[in-house]
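Summary of structural features
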Amino acid sequence: MDDRQSDAGPLTTSDPRRYWDAVELPAFGSQGRVYRAKQRRFDRREKVAFVLGGGGALGAVQVGMLQALIELGIGADVVLGSSVGALNAAGYAQNPTLEGVDVVQQAWLDAQGHDLFNHGRLWSIKQFATKRTAVYEENRLSTLIDQVVRHDRIEDFKIPLGVMVTSLTGDPERCFWAGPARDLLLASSALPGVFPSVVIGNHRFIDGGVVNNMPIAQAMVAGATKIYVLQCGPKMAETETFGPRPIDHVIGAFALARKARAWHDLDNLSADIEVMVIPGPSAARLYYVDLSHTAELIERGKAVAHAFLKATESPASGDVMAVAR
């Protein structure tokens, strides 16, 4: 249980954090969240946003989540993504239908079959010790991007798309709503030390997840009144035990910092915004480029999203546990 939860009673004015309901999904080892709107503004229409966070190979679960949302008749007016989530978001934004998401799914499955990262884990580990800026000389996700993206610029997509990147000059936190689609998606997924940075114009960019893995605040700025967060991991409040090697502690600390940023942004959203945090299924610890479980992750992502959305529609079912914050 999140150690920030409390049974002390109603939220006081001195505590700005939002109440949320925990949605327990024990069959998947997952816990979602629902942040209910406490106020309503009648001077604007409802605007739905999908926010897709990063997660390396676990990003495949978001394909199944998008399928579930579409099957239940839930659509987005605007979509935002960071890291590999930006790629999945792009596929939806250019064609927000099951057919459009099928294109993304096929790209993921083809990547699994082609063994994009075929050097193996031991080779990758050795590269971290060499004098080079990145393990891979090129971003291998370019194969997925080229298979998914059909437009040169993101402003040409059917619905607005926000791509989160990290700039190495000036303000590091950038969310682009216009610009070259391929370059922006490569930049958003350019994990430091793994893939090379990307130069766009006069600036150099790296993975958007470095500063903001879940562009929730940007969705609010875009006017969203209801936000669906498509999370790759099973629990926002879960802090995994760091592995035995120094690199495991570095990666673990990085993951913890990203979760902390997401918590902060969710806690500080306007009270008139509703947020549904859809969790991913619990999965064995995967190497960040291990695509061997892609098909299974897509199916489980779809199943857990259906279960979450069903539970939030029927609080009396017992699957929803109210948590005082």
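An account of the accompanying structure is given in this report. It should be emphasised that the depicted structure is a prediction, and the values quoted were computed from it without experimental measurement.

Our next topic: the packing of aromatic side chains. Taken as a whole and assessed by the stated rule, the structure comprises three aromatic pairs. An angle of 50° between the planes, with centres 5.2 Å apart, marks the rings of Phe-50 and Tyr-92 as tilted. Of this pair, Phe-50 sits in strand E3 (residues 48-52) while Tyr-92 is found in helix H2 (residues 84-94), placing the two residues 42 residues apart along the sequence. Each member of the pair, Phe-50 together with Tyr-92, is buried. Relative to Tyr-228, the ring of Phe-50 has its centre 5.8 Å away and its plane inclined at 90°; by these criteria the two rings are edge-to-face. Taken as a pair, Phe-50 in strand E3 and Tyr-228 in strand E9 (residues 226-230) lie far apart in primary sequence, 178 residues in all. Take Phe-50 and Tyr-228: they sit in the same class, and that class is buried.

On to the packing of helix H1 (residues 61-71) against H2. The interhelical angle for the contact between H1 and H2, taken along N-to-C directions, is 35°, at an axis separation of 10 Å. Between H1 and H2 lies a crossing of right-handed hand. Contact with H1, carried on its side by Gln-62, Val-63, Leu-66 and Ile-70, involves Gly-85, Asn-88 and Tyr-92 of H2 and no other residues of that element. Looking at side-chain class alone, the contact of H1 with H2 contains four nonpolar, three polar and no charged residues.

Time to look at the nonpolar core. Ranked by internal contacts, the top residues of the largest apolar core, which has 65 residues, are Phe-50, Val-79, Tyr-92, Trp-108, Leu-161 and Tyr-228. Those residues in contact with Leu-161 that sit more than four places away from it in its chain are Val-79, Ala-89, Ala-90, Ala-93, Ile-154, Phe-176 and Trp-177. Residues Met-214, Ala-219, Ala-262 and Leu-266 belong to the second largest nonpolar core, which totals 21 residues.

Quick notes on the rules
- Residues numbered from 1 in each chain as written.
- Predicted model: local features only at pLDDT ≥ 70, side-chain atom pairs only at ≥ 80, totals over all residues.
- Heavy atoms only, no water.
- Phe/Tyr/Trp six-rings, centres within 6.5 Å; stacked < 30°, edge-to-face > 60°.
- Helix = DSSP H or I, 4+ residues; strand = E, 2+ residues; numbered from the N terminus.
- Buried < 20%, exposed > 50% of the residue type's maximum accessible area, 1.4 Å probe, protein only.
- Axes fitted to C-alpha atoms, helices over the stretch in contact; angles between N-to-C directions.
- Left-handed = near helix turned anticlockwise from the far one by under 90°.
- Contact = heavy atoms within 4.5 Å.
- Nonpolar A, V, L, I, M, F, W, Y, C, P; charged D, E, K, R; others polar.
- Core = buried A, V, L, I, M, F, W, Y, C linked by side-chain atoms within 4.5 Å.

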